[in-house]
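One-letter residues, chain by chain:
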Amino acid sequence: NGNGRLTYPIGLLTSDEVILAGGRGYFLEGATQSTKEYYLYEGESYWTISPGLVVADAINAYMMLVREVGTLDCTFLHSTSGVRPAISLQSNTQFIRGDGTFNQPYLITK
C-alpha cells in the first residue's frame, strides 16, 4: 500500500527501474546494439529521474536516459528527449483492458 506520503503518485522512472525491467547500461559489451526484449523499450529516447554524473568544474548537468536502442546512458541535460511517466498504483488495482495508446487507454479498477 506504499507509505501514504505521495500526494500525486506519478513521476519518472529511475535508472534502477530500467535495469530491473531488463534494460542494460550503454557501456556494457554489446550494449550499443538494440535491446528490444523488455517492456520499457520504446524505440525513442526518454529521460529517467536519475542523475547521471557530477563534474565539479563542468557547466553542464548530466542525467540518465534510455536511448532509442533501449540502453541506459548518461547525457547532457540540455539534450532533447521524451519522458515516460510511472504511476504508483495500490496493490488491489486490477487491469480491465486497453493497451495504453490514445485510442485504447488502460482501464483499471480497485
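Residues numbered from 1 in each chain as written. Predicted model: local features only at pLDDT ≥ 70, side-chain atom pairs only at ≥ 80, totals over all residues. Heavy atoms only, no water.

J.: How would you sum up the overall build of the protein chain? Please name residues and give values.
T.: Of the regular secondary structure elements, the protein chain holds one helix and eight strands. Counting from the amino terminus, the protein chain carries its helices and strands in the arrangement β-α-β-β-β-β-β-β-β. Within the protein chain, buried positions represent 23% of all 110 residues. Of the accessible surface of the protein chain, which amounts to about 8,200 Å², a share of 54% is contributed by carbon and sulfur atoms. (Helix = DSSP H or I, 4+ residues; strand = E, 2+ residues; numbered from the N terminus. Buried < 20%, exposed > 50% of the residue type's maximum accessible area, 1.4 Å probe, protein only. Areas by Shrake-Rupley, 256 points an atom, 1.4 Å probe, with all protein chains shown as cover.)

J.: Kindly report on the layout of surface pockets, identifying the contributing residues and their values.
T.: Each pocket or cavity is described by its volume, and for the largest pocket that value is around 710 Å³. The wall of the largest pocket is formed by 19 residues, among which Arg84, Pro85, Ala86, Ile87 and Tyr106 lie closest to the centre. Those elements that provide at least two residues to the lining of the largest pocket are β5 (82-83) and β6 (85-87). By residue number, the principal contributor to the lining of the largest pocket is β6, which donates three residues. Taken together, the residues of the lining of the largest pocket break down into twelve nonpolar, three polar and four charged. (1 Å grid on protein atoms, 1.4 Å probe; cavity = no way out; pocket = protein on both sides within 12 Å on 5 of 7 lines; lining within 4 Å. Points joined across faces, edges and corners; volume = space filled by probe spheres on them. Nonpolar A, V, L, I, M, F, W, Y, C, P; charged D, E, K, R; others polar.)

J.: How would you summarise a nonpolar patch on the surface if you had to cite specific residues and measurements?
T.: Among the surface-exposed residues, Tyr8, Ile10, Ile87, Leu89, Phe95, Tyr106 and Ile108 lie close enough to one another that they form a single nonpolar patch of about 850 Å² accessible area. Mapped onto the elements of the fold, Tyr8 is located in the segment before β1 (10-12). Since its relative accessible area comes to 67%, Tyr8 is described here as exposed. (Patch = residues over 30% accessible without salt bridge, like charges linked within 9 Å, V, L, I, M, F, W, Y side chains within 5 Å. Salt bridge = Lys/Arg side-chain N within 4 Å of Asp/Glu carboxyl O.)

J.: How would you explain the sheet that holds strand β3 (residues 62-66) if you had to name every residue and give the values?
T.: Strands in a sheet are paired, the pairing made by backbone hydrogen bonds, and the direction either parallel or antiparallel. The strand order β4-β3-β2-β5 describes an open sheet built from four strands, whose pairing is mixed. In this open sheet, the two strands that pair with only one neighbour each are β4 (72-76) and β5. Bridge analysis of strand β2 (residues 46-51) against β5 gives two bridges, and the strand direction is parallel. Counterpart to Tyr46 in the pairing with β5 is Gly82. (Pairing = 2+ DSSP bridges.)

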